[in-house]
Amino acid sequence: MEFTAPAETNLFDNAKVVGKSTLRIDGPLKTTGRAPYAYERHDVAPDAAYGYLVGSAVAKGRLTALDTRDAANAPGVIGIVSTLDHSAPLPTGTGNNTALFGGAEIRHYHQAIACVVAETFEQARAAAALIRPSYARVEGKFDLAAAAPSAPMAKDGSGKPDNKKLGDFDAAFASAPVKIDQRYTTPDESHAMMEPFATTAAWEGDKLTLWTANQMIAWCKSSMATILSIPKENVRAVAPYIGGGFGGKLFVRADAVVAALAARKLKRPVKVAMQRPLMVNNATHRQGTIQRIRIGAGRDGRITALAHENWSSNINGQDGENGTAQTASMYAGPNRLQANYTAQLDLPEGNAMRAPGEAVGHLALEVAIDELAEAVGMDPVELRILNEPATVPGTPEKKFSDRNLVRCLREGAARFGWDKRQAKPGTVRDGRWLVGMGVAAGYRGSPTMKSAARATLENGRVVIETDMTDIGTGSYTIIAQTAAETMGVPLAQVDVRLGDSDDPVSAGSGGQWGAASSTAGTYAVCLALRRAVGQKLGFDGDAATFTDGRVVADNRSWRLADAGNLSVTDEMNFGRFKRDFDIGTYAGHFAEVGVDRYTGEIRIRRMLAVCDAGRILNPLSARSQVIGAMVMAAGSALMEELAVDKRFGFFVNHDLAGYEVPVHADIPHQECVFLDTLDPVISPLKAKGVGELGICGPGSAVANAVYNATGIRIRDYPITLDKHLDRLPQVA
Amino acid sequence: MKSSTYERARTPAEAAAAVGRQQGAKFLAGGTNLLDLMKLEIETPTHLVDIQDLGLDRIEKTKEGGLRIGAFVSNTALSADARVRRDYAVLTRAIQAGASGQLRNKATTAGNLLQRTRCPYFYDPNMPCNKRKPGSGCAAIGGYSRQLAVVGSSDKCIATYPGDMAQAMRVLDATVETVKADGATRAIPIADFHRLPGDQPEKDNVLEAGELITAVTLPKPIGGKHFYQKVRDRASYAFALVSVAAVIQRDGSGRVSFGGVAHKPWRVAEADAALSLGAKAAAERAFAGATPTEDNRYKITLAERALASVIDQAKA
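Conventions we followed
- Residues numbered from 1 in each chain as written.
- Chains lettered and ligands numbered in written order.
- Predicted model: local features only at pLDDT ≥ 70, side-chain atom pairs only at ≥ 80, totals over all residues.
- Heavy atoms only, no water.
- Helix = DSSP H or I, 4+ residues; strand = E, 2+ residues; numbered from the N terminus.
- Buried < 20%, exposed > 50% of the residue type's maximum accessible area, 1.4 Å probe, protein only.
- Axes fitted to C-alpha atoms, helices over the stretch in contact; angles between N-to-C directions.
- Parallel < 35°, antiparallel > 145°, perpendicular 65-115°, else oblique.
- Left-handed = near helix turned anticlockwise from the far one by under 90°.
- Contact = heavy atoms within 4.5 Å.
- Nonpolar A, V, L, I, M, F, W, Y, C, P; charged D, E, K, R; others polar.
- Buried area = accessible area lost by both parts, 1.4 Å probe.
- Salt bridge = Lys/Arg side-chain N within 4 Å of Asp/Glu carboxyl O.

(A) Quick peek at unusual backbone geometry. Here the residue pair Tyr717(A) and Pro718(A) is connected by a cis peptide bond, since its omega of -5 degrees sits within 30 degrees of zero. Tracing the backbone shows Pro718(A) in the segment after helix H15 (698-710). Of note, Glu41(B) is a non-glycine position whose phi angle comes to about 60 degrees, a positive value. Along the chain, Glu41(B) turns up in the loop between helix H2 (34-39) and strand S3 (47-50). A relative accessible area of 21% places Glu41(B) in the partly exposed class. The phi dihedral of Ala99(B) falls on the positive side, at around 55 degrees, and the residue is not glycine. Relative to the elements of secondary structure, Ala99(B) occurs in the loop between helix H5 (89-96) and helix H6 (101-106). Judged by relative accessible area, which is 36%, Ala99(B) ranks as partly exposed.

(B) The packing of helix H12 (residues 475-487) of chain A against helix H13 (residues 514-537) of chain A, seen in detail. All names here are of chain A. Direction vectors running N to C along H12 and H13 enclose 30 degrees, while the axes themselves pass 9 Å from each other. Here H13 runs roughly parallel to H12, going by the angle between their axes. Here H12 runs over H13; the crossing is right-handed. Contacts between H12 and H13 pair Ile-478, Ile-479, Thr-482, Ala-483, Thr-486 and Met-487 from the former with Ala-515, Ser-518, Thr-519, Thr-522, Tyr-523, Cys-526, Leu-527, Leu-529 and Arg-530 from the latter. Tallied by class, residues from the contact of H12 with H13 come to nine nonpolar, five polar and one charged.

(C) The arrangement of the interface of chain A and chain B in detail. Opposite the 37 residues of chain A that make contact, chain B presents 36 residues. Overall, the association of chain A and chain B removes approximately 3100 Å² of surface from exposure, summing both partners, and the carbon and sulfur fraction of that is 55%. Its largest share of buried area at the contact with chain B, chain A owes to Arg125(A), Tyr598(A) and Glu660(A), together 17% of the area lost on that side. On inspection of chain A and its partner chain B, the count reaches one salt bridge. The partner of Arg146(B) in a salt bridge is Asp722(A), with the nearest N and O atoms 3.0 Å apart.

(D) Seen up close, the environment of Ser223(A). All names here are of chain A. Among the secondary structure elements, Ser-223 is positioned in helix H6 (residues 217-228). Its relative accessible area of 1% is what places Ser-223 among the buried residues. In this structure, the C-alpha to C-alpha distance between Ser-223 and Ala-7, residues 216 residues apart in sequence, is 35 Å. Once residues lying within four places of it in the same chain are set aside, the contact partners of Ser-223 are Gly-93, Thr-94 and Val-252.

Have a look at this one:
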């Protein structure tokens, strides 16, 4: 099916199931421990042996030898795979910025150099400690600030230099009566998802099955074929349940590669879960950024010139963290400059993490806007509304599909009690607490990707099968809701089977495209099933009414089950017309914080997000997405930082004791409101994703609230007490 | 994790003898720290002597009017004890500021005193660390040291003792009672229990091989207002950047111990004596001779301001 023009009125505009708060249909399986995750597939691979990864102890150099004799002789050990089994690095899979295994070259700390396989996990771990590697260590580059000045300009998505100019920024900025010119930094961050990378691998002849934690099943399948140099059709990837991904599981990682190699070598299923200390330096992270923002404005607050430059890094000098990603779509201003630079560093591989680019871009841009509001003496909500653009500011040839940012800000301000905010910072006290409020706008693009599914009618039940994943987001439920709505059956009459590469290829989970794309694919295949039902029973399926488990057509009525057993496959393709539009999701984020006037400790008091993301398919799970992202944003504002040791070249705090993420006590109150909007350009369901919108802006609202509380502006994230302690008011 | 043998001793003397007898043997109490370190092979005991059956799980009055806390009393039980809450509130507050409910259920009084540092370089076996591997060097010096010691450190080690409970015991002048492998007993003032790193950072405390903590005794209550202020980046489940354990009397005199700043609970007599002069005077004396890094210099300001908070609360 092709989606070739904006959606008109359709069945979703009178929905009975879609748009209603619905408990996760997979919830009971999860809460009773019956949802099988990649590392616990006793049901399908009961005799799996345990693999334990060994990571490089140096950040750069060569592995000159790997003495495995003691490990091989340790109790329970079945075998060992070594990176030196391969003369060169194995090929990279989709999205990988460096090879995951193979060869003697060490490119980053904790790079996988071996995997010890034993009868039990404990035996494998004990034997892994007996491996004795020898290294020739060489110096590396680990300091973004040092590398940034000479970093080359990055390439944009189409391969052109990532340098966009509009009007004459330099002249407009020079002549602007009000100028903001500030530098912001964001640190390296870790996904820190609960389920680590994990894979159970088994071979039958030359066919490989991977039960693995992966967000993008089709990429996983093709990547593993590439890495192992085997035909794609010989790989099956299965991931029905995933314990969080946040973008870290978009691409295959060392667990999958090494489990597959070990299972082939040892002729036995092998499972590998990455131990927590390797989750930071072996796996990927969000790279740190340095961002410079210059804004020129009139004394009335109207922006005339806006420049956003970004410096980050990666192990291959490409695919940096682009903080400018949202700027072209946010504020009006005719004279613009945007540039993005990526340095090569020898830190571990950087890669996608929830709202790559935008999440940290907002941390800079939305604070710069707050600084501008103060400089012109305007309320920051009003300043944002004043600069609301009519066309897409950075790409004026595009139109906004449906944009209600102003409503988000106005409704948020009203709900939050923004009128009680004191514009003068450092003036509100509550006992020992300095109290402040902050606001930020949020923008995240809402892409769609082709998405296919199979729909089967089986004794009146509707079964949807697709390789779509549910990484905790609620995909099972929204797909079931879409199928129930389209086929006119109760939700309980729908079965959804996800995450198997034997099933039709979906959009997968990433970039907040999953919900919009996979439900559109489900709609497409259900329409195909309706036509098949019509054909079987002798009516035009497109003209029939499917409701309450019955079909009405030509003044006749059937039970859906009367059509017998049928199965069809279809996909939703999204047409070129969408390219004329900037399809975004929007939010107004508000935060109130307290800063302990003695210790400088920062504690969030409440957070509010008012979101505009089109039809909300399942308000219950959408809210979970947004408040979860707000927690992550709070972490990025106040505590999350991978500390770089610039001598040894690694992230030092590589466990969950050292890398602090917010705990319950840090998040006392959150509210999430969805505007009742529809975006006909996105898909027939008029529904956009929210999983990344929720992390775009709340951290800046927190940062602005901290400033409002103290009058001290901190531009280096995370905002920790040591950065303002010596400037807080005197005590005692 | 290396394999080790395991036994459950029946008496304290038997446990001490069992550990004293075998090179590399260790006591096992709650295991909340030791087992984690064994998985990383930072601790590699050859033999574990479990002390759960020794009857050391009671809190009793002493004839001096204080309390004797058995080595195996859990953090949860100790912090909830009505006598502790009433007479030694600083101890309840300190314990409840640490870890999580689940961990406090398992962690014991003796084990908590023996908690090892949380220096990230100690936790990474690839890194040089004089505490983990004597003579290998200290990666923390010149490295990521935001959370590490500012005072009492050496050029061999800048690790901190990370616990909360011991800070309270320090201001309460607790005594650590032990039995040695040969059956002899001794009482170690808490002030002398933890060591400074000096040239032997691998030694956290003064216990000898096979010496078992049997109890911690608290002297009779000293009255005053009791405080434990723990400062951290997140609101719970984090080690202290700085903590202040204090007991302050009506006249402004009192005692103060700082956590998160040194290799041991940091209490300085001159600082105690200056408490009534205010936070600045007391902190100046407590941190005289401090040698912070660029990363952790803030802790000295933070300690002073946290103490100011406590003093203001005491006046309120």
